[in-house]
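Commentary on secondary and tertiary structure
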Amino acid sequence: MPAIHFKKEKMSTIISVTVPDLGDFKNIPIIEVLVKAGDTVTAEQPLITLETDKATVDVPAPAAGVVQELKVKVGDKVSQGSVILMLDSEDRGSGIEERVKPVVVEDKGTKEKSAAPNPQSSIPDPRSFPKGDLHAEVVVLGAGPGGYTAAFRAADLGKQVILIERYASLGGVCLNVGCIPSKALLHVAKVISEADDVAQHGVTFSKPKIDLDKIRNWKESVIAKLTGGLTVLAKQRKVQVVYGVAKFTSPHSLVVETKEGSKTISFDHAIIAAGSSVARIPGFPYDDPRLLDSTSALQLQDVPKRLLIIGGGIIGLEMATVYDALGSKISVVELADGLIPGADRDLVRPLHKRIQKRYEAIYLKTKVSQIEALKEGLQVTFVGDNAPAPQLFDRVLLAVGRRPNGRDIGADAAGVTVNERGFIPVDKQQRSNVQHIYAIGDIVGDPMLAHKATHEGKVAAEVIAGHKASFDALTIPSVAYTDPEISWMGLTETQAKAQNIPYEKASFPWAASGRALSMAREEGLSKLLYDPQTKRILGAGIVGSNAGELIAETVLALEMGADMEDIGLTIHPHPTLSETVAFAAEIAEGNITDLYMPKKKS
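Conventions we followed
Residues numbered from 1 in each chain as written. Predicted model: local features only at pLDDT ≥ 70, side-chain atom pairs only at ≥ 80, totals over all residues. Heavy atoms only, no water. Buried < 20%, exposed > 50% of the residue type's maximum accessible area, 1.4 Å probe, protein only. Helix = DSSP H or I, 4+ residues; strand = E, 2+ residues; numbered from the N terminus. Pairing = 2+ DSSP bridges. Right-handed = clockwise from strand over helix to strand, strands pointing away. Axes fitted to C-alpha atoms, helices over the stretch in contact; angles between N-to-C directions. Contact = heavy atoms within 4.5 Å. Parallel < 35°, antiparallel > 145°, perpendicular 65-115°, else oblique. Left-handed = near helix turned anticlockwise from the far one by under 90°. Nonpolar A, V, L, I, M, F, W, Y, C, P; charged D, E, K, R; others polar.

Once that is clear, we can look at the pairing of strand β22 (residues 361-364). Judged by which residues are buried, β22 turns out to be covered on both faces: Ala361 and Tyr363 on one side and Ile362 and Leu364 on the other are all buried. Two elements, strand β21 (residues 329-334) and β22, share 4 bridges in a ladder whose sense is parallel. Across the sheet, residue Val333 finds its bridge partner in β22, namely Tyr363. The β-α-β motif built from β21, the intervening helix α7 (residues 345-358) and the parallel element β22 has right-handed crossover chirality.

Below is the structure:
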């Protein structure tokens, strides 16, 4: 491939980067500009992407430096010699002409990969940066679901990998103090509540005796099995694990504070999977152990008589479900006008109706303005449309969301961009603004969900290994493991109305489901949203027992481009809750027999 030519004055570090000689091609369109003014770039980092009728070509930086001014934008057409940008080069050489080859990303004629199938997979010259105490082809910062998936996938693809984890065991927040322990406690809560509910059907149990030590030990045993299994998987793949808190010190190194002292790790590529932390409201007495967050709440220190949950989202209501079953009087305060704001109101309604009977109070459009630590408890002051008088609680759980850890890892030392919210922007290949550093999971943006992170982790590892991979999921499902559970995926009605997207919906009430009735849980609902013209599925929502398990079918349907007929003609086992999805599709098709639906007037 012809070379890129650029010239600079001997006494100046400002250089102009131009389009190389691409043979007979002229007026080549720019399909992507990968940098902006102020960005720090490394040598060989792609700057723009051109598209000829034969290939997609990345034009890389001829040297490391800072972009001073862009001369082009997406849609511009350029030819040999066209100036792309002005670069303040870190190369303090003599100013002689230098040459850099563009990289062919994909040959459109054969669809075969070139010798460098992806510009991000090119490994920098190992002589260009100093080695640390340890060195890895790929270092992964964070061993949560996304991090360990990325590390294991990279190792499976032949890379030498170091995995860094701040906790004493692998698994990150999810396995240690999040998803897994909360589900273990929610299972206990479900058994207790079901034993209570079945009394109205003729089976009465004695009041349960709660042994918190045994419950905690069981929860910890579940965590130990999973985290121990990850340790075995890491050893099997020869992934080296370093435990400690890490921060970047340069674009190719980081330092880890371990129990044995500081260790410097250098790397060719890095995947940031540092996750998120509990969000806090300023001014609250965080030094008081009676003020809980999701981590301390899962430790199950005791069962408070009165517990206030600040935040009516998924985390808050899941913990409310646990402590309600164990015997606490629960109050929930939520700033929005409804619980679980991200879900459609018809899905939340059955949950709200059930817990309103069980909980002491639910305050909507209300917030906590002050918490005063008194000897007898935490005195809480409320403000808002439905604010009650100040009240005393034994414990208060703050569950107002999570914040990304983008500002806690020394990203600036590596030249990695972190936005005002603390997220690291990435492209569809999970690549940050620094070509050899990738980011996945909570730290790259919402939704902060483990199942999103695992898929992103695989993409990052595969791109580093030279594969043509990208994250292009059509939807990411959400689940609230409350009682009843709520799940949704794809387009919601709230989004459709806000964005003026045409849709129709079909809802099947579980009151007409034999399986739901036999479980005495007929409050559920299965809903499908579909395109009025093609009847292809656009979204789905389910509320009821095991809604989190049932939503997967609709996710697959969306990814496969299924329509209502496809779903309705798929034979589901009977009697099951899964067939409620098929019944909803039959409603859309107008051939439902398990309900009477009056014919629509033409």
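The next point concerns the sheet that holds strand β29 (residues 478-480). Judged by pairing direction, the sheet is antiparallel, and its 5 strands sit side by side in the order β29-β30-β33-β32-β31 without closing on themselves. One side of each edge strand has no neighbouring strand; the edge strands of this open sheet are β29 and β31 (504-509). If you compare each strand with its neighbour and ignore which way they point, the axes differ by 10° on average. With 6 bridges joining them, β31 and strand β32 (residues 525-530) adopt antiparallel strand pairing. By the bridge assignment for β32, Phe508 is matched with Ser526. Helix α11 (residues 547-560) contacts β29, β30 (485-490), β32 and β33 (537-544) of the sheet and is inclined by roughly 10° relative to β30.

Now for the packing of helix α3 (residues 179-197) against helix α6 (residues 314-326). Two elements in contact, α3 and α6, have axes separated by 9 Å at closest approach and are oriented at 45°. When the interaxial angle is binned, α3 and α6 end up oblique. Crossing of α3 against α6: the hand is left-handed. Taking contact as the criterion, the partners of Ser182, Lys183, Leu185, Leu186, Ala189 and Ile192 in α3 are, on α6, Glu318, Thr321, Val322, Ala325 and Leu326. By residue class, the composition of the contact of α3 with α6 is 7 nonpolar, 2 polar and 2 charged.

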